[in-house]
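Observations on chain architecture
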Amino acid sequence: MANTEVKKEKKAFKMPHLFWIMLGLLLLTSLLTYIIPAGQFATDPETGKIIGTEFHYLGYQTPVSPLAMALSILDGLTSSALIGWAVMVSGASVAIVMGTGAFDKFLNWAIYKLKDKDDSILVIVMFILMVYLGAFGGSDALIAIVPLGVMFAKKLRLDPICAIGVSTYATLLGFGTGPNKQATTQMLMGVQIYGTFGTMFISMNVFMIVGLIFLLRYVKKIKADPTKSLMWDEGWRPEATVVDTSSIREVKLDWRTITVLLIYLGQYAILVGYPIISGRTDLTFKLMICIGITVAILCGIIGQFSFDKIGSEFAKGLASMAFVAFVIGLAKVMSIVMTNGNILHTIVYVLTKPLMGLPRAVASIGMTAVISVVNLFIPSASSKSAILVPILKPITEALGMKGELAVQAFQYGDGFTNMFSPFLGWTVGSCVTAGVPFPKWVKWVIPKVIAFLLLSFVVMFVLTEFGWVPF
């Protein structure tokens with residue numbers, strides 16, 4: 001009897017759902033209160049801030065049992081309700097604005113106007129538009145623009161990597177460095193929401209220019225010698241490219257589209273300008289929710305939605321962010337357990353002790369590097385900030401750093417490794433849509449990501465070393 005080999009298919013590793021990750025972290029946090037020595041930092045009696053140089057162990061354990069942890073879940077959810085509702089209303093507002101198709105119409109209008117321009121000009125303008133789209137309207141729904149990138153890459157006789165370059169690469173760059181994407185982290189850190197809008201806007205444009213240079217160099221290289229394309233051995237040939245421009249059609253920007261865009265972008269002018277003009281920050285959350293609901297209703301009406309559709313779209317957008325709000329609540333439970341178990345300060349002390357003798361600028365770079373690694377496994381910024389900020393905030397205080405600097409470090413760590421994270425559907429799905437093998441894309445983008453990270457290290461060093469004043 002012939003021997004037969006039964007090949008067992010290896011199951012690819014799959015990250016557990018974030019729900020189970022969070023519950024696992026909560027249980028682990030509870031168990032750690034039995035193991036990690038309890039300790040406390042001294043705090044300033046006037047400001048309540050941690051004095052990083054004064055720490056003592058309690059000499060006894062104050063464990064929080066798994067049952068006590070479970071009973072604290074409601075406390076965590078209620079104490080984070082303000083942030084949770086702000087996140088949910090923001091999600092609902094964005095859902096309606098995107099549902100009007102205003103961003104799509106503007107993009108199609110710009111593309112039609114540029115269809116007969118020089119290749120380099122077309123790539124530059126498309127890239128800039130996509131970066132800004134990612135910055136102010138970014139979500140994983142933007143995977144839908146990849147076919148647009150494919151069409152333009154074919155029109156210019158460029159390879160499929162360039163198709164991702166003018167679409168997902170650009171939108172992820174804007175999404176990761178945009179000035180309004182860290183509102184949740186700012187809320188959790190307790191710093192002024194959108195208080196660093198100007199700095200982040202300038203930063204986004206700097207990284208946009210660098211990213212564009214990388215793409216243009218690649219375009220120039222494969223134009224001069226197509227065999228230099230990473231897709232050459234995959235069968236791509238510029239002369240065999242079939243161009244279908246039938247989907248490029250003239251789109252007129254009507255007053256509805258322009259008004260929706262102005263209202264959507266105008267809300268950030270109000271949220272940024274109000275605290276500066278009034279000198280008050282206590283109404284920020286109330287203002288966010290009020291403006292979010294108002295923008296949703298106005299854009300829905302201008303976009304010719306019926307009242308029922310406005311309500312249903314608002315509900316869908318709210319629901320899409322409900323789990324994020326829940327995760328933020330569970331992260332607050334972790335903070336409660338660590339605080340009640342008196343291990344939070346111990347963890348912070350152990351982590352910061354090696355950094356105390358180093359310049360704060362070096363510590364800020366370390367934060368960026370650590371978060372960039374974590375981002376590979378937890379791409380969601382809201383979920384990641386909910387998990388990390390309970391630790392990041394006291395570390396920042398212990399090192400005597402500004403909270404805004406920690407948010408900036410978080411943004412850089414959160415922004416760039418998305419471009420090759422295997423756990424981000426936006427990236428992997430874009431490769432599938434454009435017909436680029438994921439390893440090929442990783443090979444192309446990793447040098448760019450490393451360059452972005454190194455540049456971010458330089459920026460963090462300069463901001464910290466020269467006493468950056470947030471604006």
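In this report, we go over the structure that sits alongside the text. (Residues numbered from 1 in each chain as written. Predicted model: local features only at pLDDT ≥ 70, side-chain atom pairs only at ≥ 80, totals over all residues. Heavy atoms only, no water.)

**What about the overall build of the protein?**
When you go through the protein residue by residue, the secondary structure sums to 21 helices and two strands. For the protein, the spread of C-alpha atoms along the principal axes amounts to about 75 × 75 × 55 Å. For the protein, with 471 residues in total, the buried portion stands at 50%. Within the protein, contacts between residues separated by at least 24 positions form 81% of all contacts whose residues are at least 6 apart in sequence. Surface summary for the protein: the accessible area is close to 22,300 Å², and the carbon and sulfur share equals 66%. (Helix = DSSP H or I, 4+ residues; strand = E, 2+ residues; numbered from the N terminus. Buried < 20%, exposed > 50% of the residue type's maximum accessible area, 1.4 Å probe, protein only. Contact = heavy atoms within 4.5 Å. Areas by Shrake-Rupley, 256 points an atom, 1.4 Å probe, with all protein chains shown as cover.)

**Some points on helix H13 (residues 284-302)**
Between its terminal C-alpha atoms H13 stretches 26 Å, which fits the 27 Å expected from 19 residues at 1.5 Å a residue. Inspection of H13 places Thr284, Met288, Ile291, Gly292, Val295, Ala296, Cys299, Gly300 and Ile302 among the buried residues, and these make up the whole buried set. Viewed along the axis of H13, the buried residues span an arc of 160°, placing them on a single side of the element. The elements touched by buried residues of H13 are helix H4 (81-99), helix H10 (183-189), helix H12 (255-278) and helix H14 (307-320). One or two steps after H13, the chain reaches Gln304, where phi turns positive at roughly 65°. (Expected span 1.5 Å × (residues − 1). Arc of directions from axis to C-beta.)

**Quick notes on the pattern of salt bridges**
In the structure shown here, the tally under the stated rule is two salt bridges. Residues Asp233 and Lys440 are paired through a salt bridge, measuring 3.0 Å at the closest nitrogen-oxygen approach. Note that Asp233 is positioned in the loop between helix H11 (197-224) and H12 and Lys440 in helix H21 (residues 438-465), a separation of 207 residues in sequence. Since its relative accessible area comes to 17%, Lys440 is described here as buried. Between Lys316 and Glu313 there is a salt bridge whose closest N-O contact spans 3.7 Å. Here Glu313 and Lys316 lie together in helix H14, a separation of three residues that amounts to about one turn. Judged by relative accessible area, Lys316 falls into the exposed class, the value being 56%. In this structure Glu313 comes out as buried when scored by relative accessible area, which is 17%. (Salt bridge = Lys/Arg side-chain N within 4 Å of Asp/Glu carboxyl O.)

**Digging into empty space enclosed by the protein**
One pass over the structure, following the stated rule, counts one cavity of 30 Å³ or more. Put simply, the largest cavity is a space of about 70 Å³. Residue lining of the largest cavity: Leu122, Val123, Met126, Phe152, Ala153, Leu156, Leu158, Cys162, Ala163 and Val166, and that is the complete set. Where the lining of the largest cavity is concerned, the elements lending two or more residues are helix H6 (119-137), helix H7 (146-155) and helix H8 (160-165). At three residues, H6 tops the list of elements feeding residues into the lining of the largest cavity. The class makeup of the residues in the lining of the largest cavity is 10 nonpolar, no polar and no charged. (1 Å grid on protein atoms, 1.4 Å probe; cavity = no way out; pocket = protein on both sides within 12 Å on 5 of 7 lines; lining within 4 Å. Points joined across faces, edges and corners; volume = space filled by probe spheres on them. Nonpolar A, V, L, I, M, F, W, Y, C, P; charged D, E, K, R; others polar.)

**Looking at the environment of Leu262**
Along the polypeptide, Leu262 turns up in helix H12. For the pair Leu262 and Cys299, spaced 37 residues apart in sequence, the C-alpha separation works out to 9.9 Å.

**Examining helix H17 (residues 360-377)**
A rise of 1.5 Å per residue sets the reference length of H17, with its 18 residues, at 26 Å; its end C-alpha atoms lie 27 Å apart and thus fit the reference within 8%. Here H17 has its buried residues at Ala361, Ala363, Ser364, Met367, Thr368, Ile371, Ser372, Asn375 and Leu376.

**Quick notes on the packing of helix H9 (residues 168-177) against helix H20 (residues 425-434)**
The interhelical angle for the contact between H9 and H20, taken along N-to-C directions, is 165°, at an axis separation of 11 Å. Between H9 and H20, the angle falls in the class roughly antiparallel. Note on packing geometry: the crossing formed by H9 with H20 is right-handed. Contacts between H9 and H20 involve Thr168, Thr171, Leu172 and Phe175 from the first element and Trp426, Thr427 and Ser430 from the second. In terms of residue class, the contact of H9 with H20 is built from three nonpolar, four polar and no charged. (Axes fitted to C-alpha atoms, helices over the stretch in contact; angles between N-to-C directions. Parallel < 35°, antiparallel > 145°, perpendicular 65-115°, else oblique. Left-handed = near helix turned anticlockwise from the far one by under 90°.)

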